[in-house]
Amino acid sequence: MELFRSHVLICAGTGCTSSGSAQLYDRFEELLAQNNLEKEVKLVKTGCFGLCEAGPIVIVYPEGAFYSRITKADVDTIVSEHLVKGRVVAKLLHKDSIEETGNIRALDDIQFYKKQKRIALRNCGVINPENIDEYIAFDGYKALCKVLTEMSREEVIDQIKKSGLRGRGGGGFSTGMKWQFTYNTPNEKKYVACNADEGDPGAFMDRSVLEGDPHTIIEAMAIAGYAVGADQGYIYVRAEYPIAVKRLEIAIEQAREYGLLGEGIFGTDFKFDLDIRLGAGAFVCGEETALIASIEGERGEPRPRPPFPAVKGLFGKPTLLNNVETYANVCQIILNGADWFADMGTEKSKGTKVFALGGKINNTGLVEVPMGTSLKEIIYDIGGGCPNGKKFKAVQTGGPSGGCLPDELIDTPVDYDNLIAAGSMMGSGGMIVMDEDNCMVDIARFFLDFTVDESCGKCTPCRVGTRRMLEILDRITEGKGKDGDIERLESLAYNIKNTALCGLGQTAPNPVISTLKYFRHEYEAHIYDQTCPAGVCTNLLQYSIIPEKCKGCTLCTRVCPVGAISGNLKEPHVIDKSKCIKCGACIEKCKFGAIIKK
Amino acid sequence: MKSFAELEAIRQKTLDQVNLRREHEGTRVVVGMATCGIAAGARPVMLAFLDEVSKRGLLDVTVAQTGCIGMCRLEPMVEITLPGQPKVTYVKVTPEMVSRIVTEHVVNGRVVDEYTIGAADAEDQK
């Protein structure tokens with residue numbers, strides 16, 4: 001047995017990898033060898049810790065020292081001070097992890113983690129995802145064993161139903177019911193599938209689970225296979241997630257070696273195997289019927305439902321399709337019981353939800369909170385509010401299918417039904433925070449631009465309708481908005497919502513509908529007053545110099561690339577609006593705040 | 001994988017390796033490893049602890065290091081805290097003493113008085 005006195009955990013998720021964590025690992029390895037510490041200190045590559053903003057992250061146990069934004073040079077300090085001499089390097093610790101007394105806070109007491117409850121992410125940042133033994137050490141495959149040896153298929157489905165787990169991919173349909181429907185459809189051949197085609201801009205919780213804890217998905221899919229009567233599973237994952245794909249491949253291989261996939265699992269006659277299918281990055285393939293078509297090798301286009309996949313799915317057979325995060329909850333429900341899970345959350349939304357916090361927020365990263373946590377707690381207590389003291393304006397949940405919720409609704413407890421009532425939706429859990437500098441018309445335009453791009457073109461409302469909406473939004477942001485545009489947007493939005501074939505089209509107008517609901521005055525300002533209140537839409541901006549503030553230093557005339565500013569030394573300058581290209585260079589240079597845009 | 005026993009065997013085997021990362025209330029063995037401690041020979045002492053703990057398969061024992069405890073003349077110093085008990089400080093520890101400390105104190109809960117700081121202090125008084 002190898003026993004180490006210290007473990008150094010280095011995040012190898014996508015976020016930290018892109019900020020250089022692989023080089024840190026190499027440097028640690030080198031230095032540990034130099035100092036003869038290889039037998040005492042163990043290096044572990046883990047999945048995402050969630051606080052991506054502070055990456056690359058290194059955690060040293062047993063102290064639980066949480067080092068953030070580590071550079072290669074810092075590695076030298078950590079090794080020579082902490083690992084050799086046992087002195088925690090306080091100046092490299094994450095600022096929130098040191099108490100006023102100078103003591104190190106336990107990881108769970110850091111503001112970012114304090115209000116979190118990690119179930120789906122329980123192993124991310126704790127285990128080495130490429131080592132099946134570590135997963136087993138943290139109770140891995142125990143749930144599968146329990147299910148196969150102690151529970152009937154009906155009991156498993158009952159547990160999932162009783163837990164109140166709902167689909168984490170966005171729709172929020174009861175997972176237990178889905179399992180029941182697939183179970184109910186008689187057929188000799190059935191499939192289970194995992195939707196890992198995470199496409200919402202800014203959402204990356206599925207990627208984190210796959211990268212940090214791939215075995216939990218394998219185990220949960222095997223449990224699902226047993227429950228519904230399937231012996232083959234497919235994980236449909238985007239090709240843009242290379243680390244996740246690689247770790248999944250390794251995990252599947254290890255599970256096969258251990259006989260946890262294959263025939264006669266745990267000595268029973270249950271057999272199950274898994275394959276990975278790579279998506280080519282089409283957003284619509286996150287829609288279940290399009291995803292199934294794509295796995296079959298067809299063009300990724302949705303078809304009308306019913307029949308639902310539970311009746312007629314992959315290759316025409318009954319198919320159970322769940323999202324990554326949904327599966328990530330399954331093993332814990334089996335091990336801890338449905339009641340344990342149902343104790344968390346709100347009346348109709350049980351358990352926890354992972355959110356990807358992004359945009360104008362201090363602590364960008366992944367957070368997992370019990371359902372019913374308010375937007376305010378997520379944004380301020382965990383996320384740390386907007387950077388640079390800017391004023392919070394709105395939060396967009398649910399990606400391109402969701403909506404923007406304003407400051408007035410910040411106390412809303414987050415669950416499926418509350419978000420829908422407020423005009424947004426849970427979606428897969430992207431949460432993009434906007435501050436006073438964001439123009440809501442521009443935001444709506446951005447999301448619609450995305451859906452126009454991603455529309456598969458099969459049905460007219462989505463293919464043509466969203467494009468017409470985008471044209472109107474383009475017009476408004478360019479200052480060419482006309483009276484009646486808002487009404488046209490509204491009627492298009494409701495028509496598309498009611499007639500589009502699949503979820504993509506049906507939800508595409510949501511960003512427009514919700515911004516019209518809460519920020520209608522911004523639309524009106526664009527159209528009728530020809531101004532952009534947030535100062536974003538270039539065509540609506542005018543740069544001008546306040547004569548009383550201008551000292552005539554001539555700095556702006558020198559920096560203006562088109563020579564639009566003129567004036568004599570020590571006299572107020574003026575901007576020639578016909579020449580100005582609104583690049584903003586003068587504003588940055590002016591030391592007196594004499595230049596304004598509005 | 002044919003049985004739960006097989007799974008449990010892997011779990012137990014790996015648990016030792018990942019125990020450090022779990023929240024647990026166990027015994028802590030802390031070796032003073034500042035410059036003074038290292039110079040006085042703290043590293044072989046710590047390795048001896050690691051060795052002894054792993055040989056006996058003591059799951060709940062964490063071996064850690066710390067900086068200078070302040071009494072450099074008594075290094076190598078080792079602090080042992082059993083759950084719910086006050087900290088005991090051993091001084092001038094050598095690798096040879098480790099096996100006895102682990103057997104008597106860590107496993108059986110009997111402090112090895114003659115190695116503790118109290119004993120060293122009494123010695124000095126004479």
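Residues numbered from 1 in each chain as written. Chains lettered and ligands numbered in written order. Predicted model: local features only at pLDDT ≥ 70, side-chain atom pairs only at ≥ 80, totals over all residues.

## What about the pairing of strand E2 (residues 61-66) of chain B?
All names here are of chain B.
No. 1: Going residue by residue along E2, you find Val61, Val63 and Gln65 tucked away on one face and Thr62, Ala64 and Thr66 left uncovered on the opposite face.
No. 2: Where strand E1 (residues 27-32) lies against E2, six bridges are found, and the strand directions are parallel. Across the sheet, the residue bridging to arginine 28 is threonine 62, located in E2. (Buried ≥ 20, exposed ≤ 12 C-beta atoms within 10 Å, placed from the backbone. Helix = DSSP H or I, 4+ residues; strand = E, 2+ residues; numbered from the N terminus. Pairing = 2+ DSSP bridges.)

## Comments concerning the sheet that holds strand E5 (residues 191-196) of chain A
All names here are of chain A.
No. 1: Within the open sheet, the four strands sit side by side as E7-E6-E5-E8. Their pairing is parallel. Edge positions in the open sheet fall to strand E7 (273-279) and strand E8 (319-323), since each of these has one partner strand only. Averaged over neighbouring strand pairs, the angle between their axes works out to 20° when direction is ignored.
No. 2: As paired strands, E5 and strand E6 (residues 232-238) are joined by six bridges and run parallel to one another. Considered in E6, the bridge of asparagine 195 is made with tyrosine 236.
No. 3: Packing of helix H10 (residues 214-228) onto the sheet brings it into contact with E5, E6, E7 and E8, and relative to E5 it is tilted by some 145°. (Axes fitted to C-alpha atoms, helices over the stretch in contact; angles between N-to-C directions. Contact = placed C-beta atoms within 7 Å.)

## A few points about the pairing of E1(B)
Residues and elements named next belong to chain B.
No. 1: Among the six residues that make up E1, five are buried, leaving the element largely enclosed by the rest of the structure.
No. 2: Pairing of E1 with strand E3 (residues 78-81), which is carried by four bridges, proceeds in the antiparallel orientation. Bridging across to E3, valine 31 finds its partner in valine 78.

## Re the confidence of the model for chain B
Residue and element names in this part refer to chain B.
No. 1: Chain-level pLDDT for chain B is 83 on average; 94% of the residues reach the 70-or-more range.
No. 2: Of all secondary-structure elements in chain B, the lowest mean pLDDT belongs to helix H5 (residues 117-125), at 73, while helix H4 (residues 95-107) reaches the highest, 90.
No. 3: As a predicted assembly, this complex carries a pTM of 0.86 together with an ipTM value of 0.78. (pLDDT = per-residue confidence, 0-100.)

## Looking at the sheet that holds strand E12 (residues 403-406) of chain A
Backbone hydrogen bonds are what pair the strands of a sheet, in a parallel or an antiparallel way.
All names here are of chain A.
No. 1: Spatially, five strands are ordered E10-E9-E13-E11-E12 in an open sheet, and the strand pairing comes out mixed. Looking at strand neighbours, the two that pair on one side only are strand E10 (365-370) and E12, the edges of this open sheet. Across this sheet, the average inter-strand angle for adjacent strands is 30°, counted without regard to direction.
No. 2: Taken together, the four bridges between strand E9 (residues 352-359) and strand E13 (residues 430-435) define a ladder with parallel strand orientation. When the sheet's bridge partners are listed, leucine 357 is paired in E13 with methionine 431.

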